[in-house]
Amino acid sequence: ASTAPAASLRPESFAWLDRLLAVRAEEAGGGPLRLDLDIQGVHCAACVWLIEELFKRQPGGMQLRINPALGTVELAWDPARGDLKAFLAEVEKFGYRLGPARKGDRRRSRSLLMRMAIAIAMALNVMMFSLSYYFGLAPQDGNLYRFFGWLSLVLATVALVAGGGVFFQGAWAGLRRRVLHLDVPIALGMALAWSGSVWGFLTGGPEHAYFDSLTVFIALMLVGRWAQEHILERNRNSLLDSSGAENLIVKRVDAGRLEPVGAPEIRRGDELWIAPGDLLPVSGILMRRSTEVSLDWITGESDRVAQEPGDTVPAGAFNVSRHGFTVTASEDFADSRLQDLLRTSAADEEFRPQWWHRISTWYVTAVLAAATAGFLGWVGQDPTAALKVTISVLVVTCPCALGLATPLAEELVHVALRRAGVFLRKPSFLEKALAVRKVLLDKTGTLTLGQLALAPVSAPVLAALAPRERAVLRHMVERSNHPVSTCLA
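Residues numbered from 1 in each chain as written. Predicted model: local features only at pLDDT ≥ 70, side-chain atom pairs only at ≥ 80, totals over all residues. Heavy atoms only, no water.

Caption draft 1: A look at the sheet that holds strand β13 (residues 317-319). Spatially, the four strands line up as an open sheet ordered β8-β13-β10-β11, and their pairing is antiparallel. In this open sheet, the two strands that pair with only one neighbour each are β8 (279-280) and β11 (304-307). (Pairing = 2+ DSSP bridges. Helix = DSSP H or I, 4+ residues; strand = E, 2+ residues; numbered from the N terminus.)

In structure tokens form, the structure reads like this:
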């Protein structure tokens, strides 16, 4: 189906696993290994069931726990009874991918969820107390009249501190950078509504306060903000968390031993062993034997390039031969072209389109100007009415509509994309996409999977071959990685 895991992935060499197993083996002292991994491609209960069934068939498998919501895996493995790499390779054949745990517990939506829960609880309780005033609770009813008012004030203050803090921080961060965005009128509306309600309560009594409206407003704004963050977090948890160079592992030859090291640790002169399917993170001089590499990360071309001893193999080359090869690093990783590529990708994530900032700035400026005009127009007649008019303008002009409609619209977009197998990881993509006018494709390989299929007229021709001829042909094509050979096989 369209939402199934990817059908074709570049074979993983699991170089990162050697390093992780070495650390865990020291901690375990010869006993079972306990590993925390990230997983990509799990999207339903059937995925979890499938991976668990594969795990049960492994003699070394002891315990497996998959959290599809977080995209994490906890497993216990007995290295004396089975090869963990073999299990991961089998899982990979079904389109899933496992990698080192990098997601951790950095869940911003969890913090927002807690704030939202507090705000909703405060709103429900304040609304309960406010109903008593709507149904006729008056000063002559005794201490209960003032007591419910004080309770509403305390609960509204808790809601403002716990929930409003998100918008106050955003507004302050924007003002420090001289950027007006929607958090400014939202925060200003909350602050004025609370201040005006406190003043009305202290001078005129509980019926002159709007603590119920304030707490409901805070709760609704947090619902929108949480939904926005939760969508992206859900997408990120469906994929392996890529943090750039830290994910690149290579084997370094040290005193005749192969030592897995991270790419940032590579120095000029290091002797590196590049296994089949591994990536060379720095340029190096090929030693001892010839080989073939793919430069598709650099040029986009997937054709094999032959390399002879003494040739310089560029950074970003994949070993596509059936044997490993040795290179001597000719540069530090800090000077690698691959590092430049990763830096460019990281810098691109900081890109923000200017059109939305311009529109939001004009809109927020107009809202603040209207609120100020309302205050100035009424303050000479009635300061209390002026404050009400100001708060009303701030609240009804933008936050409720945009604060809730925008996350809803984004959720619909993300759901449609997920059904098509597309996961957006960054909040900036939808804004970036609006600036795209042309997409240039320099070769057809950019659009295809490299998986050829037989034409309808070819199958009968193959079927008509004599048994010996068919056996010879199959023997030939099974030993070639060429797309046509793979198709025929």
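Now that the structure has been shown, we can carry on.
Caption draft 2: The arrangement of the pattern of salt bridges in detail. Summed over all chains, the structure comprises six salt bridges. Here K56 ties to E53 by a salt bridge, and the two come within 3.3 Å at their closest N and O atoms. Here the residue K56 and the residue E53 both occupy positions in helix α2 (residues 45-56), the gap between them amounting to three residues, near one helical turn. Overall, the relative accessible area of 24% leaves E53 in the partly exposed class. Among the ionic pairs, R474 bridges to E478, the shortest N-O distance being 3.0 Å. For E478, a relative accessible area of 43% gives the class partly exposed. (Salt bridge = Lys/Arg side-chain N within 4 Å of Asp/Glu carboxyl O. Buried < 20%, exposed > 50% of the residue type's maximum accessible area, 1.4 Å probe, protein only.)

Caption draft 3: Layout of the environment of P309. Relative to the elements of secondary structure, P309 occurs in the loop between β11 and β12 (312-313). When the C-alpha atoms of P309 and M287 are compared, they prove to be 4.9 Å apart, with 22 residues separating the residues in sequence. Setting aside residues no more than four positions away along its own chain, P309 makes contact with L286, R288, R289 and S290. (Contact = heavy atoms within 4.5 Å.)

Caption draft 4: Molecular detail of the side chain of T215. Along the chain, T215 falls in helix α7 (residues 211-237). Here the side chain of T215 touches D212 through a polar contact of 3.0 Å, landing on its backbone oxygen. Among residues more than four places away in sequence, those in contact with T215 are A119, M122, A123, V126, A156 and A159. (Polar contact = N/O pair within 3.5 Å; in protein donor to acceptor, adjacent residues only side chain to side chain.)

Caption draft 5: Broad picture of the pairing of strand β7 (residues 271-274). Where burial is concerned, the two faces of β7 differ: the one with L272 and I274 is buried and the one with E271 and W273 is not. Here four bridges tie β7 to strand β14 (residues 325-329), and the two strands are oriented antiparallel to one another. Within β14, the residue paired with W273 across the bridge is T326.

Caption draft 6: The arrangement of the nonpolar core in detail. F167, M190, F211, I218 and L222 are the most contacted members of the largest nonpolar core, which totals 41 residues. Every element with two or more residues in this core is listed here: α4 (108-134), α5 (143-176), α6 (183-204), α7, α9 (354-379) and α10 (383-397). Counting residues per element, this core draws most heavily on α5, at ten residues. If we skip the residues at most four places from it in the chain, F167 touches D183, I186, A187, M190, M221, L222 and R225. Judged by nonpolar contacts, the second largest core, of 25 residues, contains L35, I39, V48 and L88. (Core = buried A, V, L, I, M, F, W, Y, C linked by side-chain atoms within 4.5 Å.)

Caption draft 7: Region of the structure containing the environment of V477. As for its placement among the helices and strands, V477 is situated in helix α14 (residues 467-477). Its relative accessible area of 7% is what places V477 among the buried residues. In the structure, V477 is positioned eleven residues away from L488 in sequence and 6.8 Å away in space, judged by C-alpha atoms. Dropping the residues within four chain positions of it, V477 is found in contact with S485, L488 and A489.

Caption draft 8: Seen up close, the sheet that holds strand β6 (residues 257-262). Here six strands make up an open sheet; going across it, the order is β6-β5-β7-β14-β9-β12 and the pairing antiparallel. On the outer flanks of this sheet lie β6 and β12, each paired with one strand and no other. Here six bridges tie strand β5 (residues 249-254) to β6, and the two strands are oriented antiparallel to one another. Each residue of the ladder has a partner; that of I249, found in β6, is G262.

Caption draft 9: A look at the packing of aromatic side chains. Under the defined criterion, the tally for this structure stands at eight aromatic pairs. Put simply, the rings of F55, W77 and F87 pair up and form one aromatic cluster. (Phe/Tyr/Trp six-rings, centres within 6.5 Å; stacked < 30°, edge-to-face > 60°.)

These figures capture arrangement, not role.
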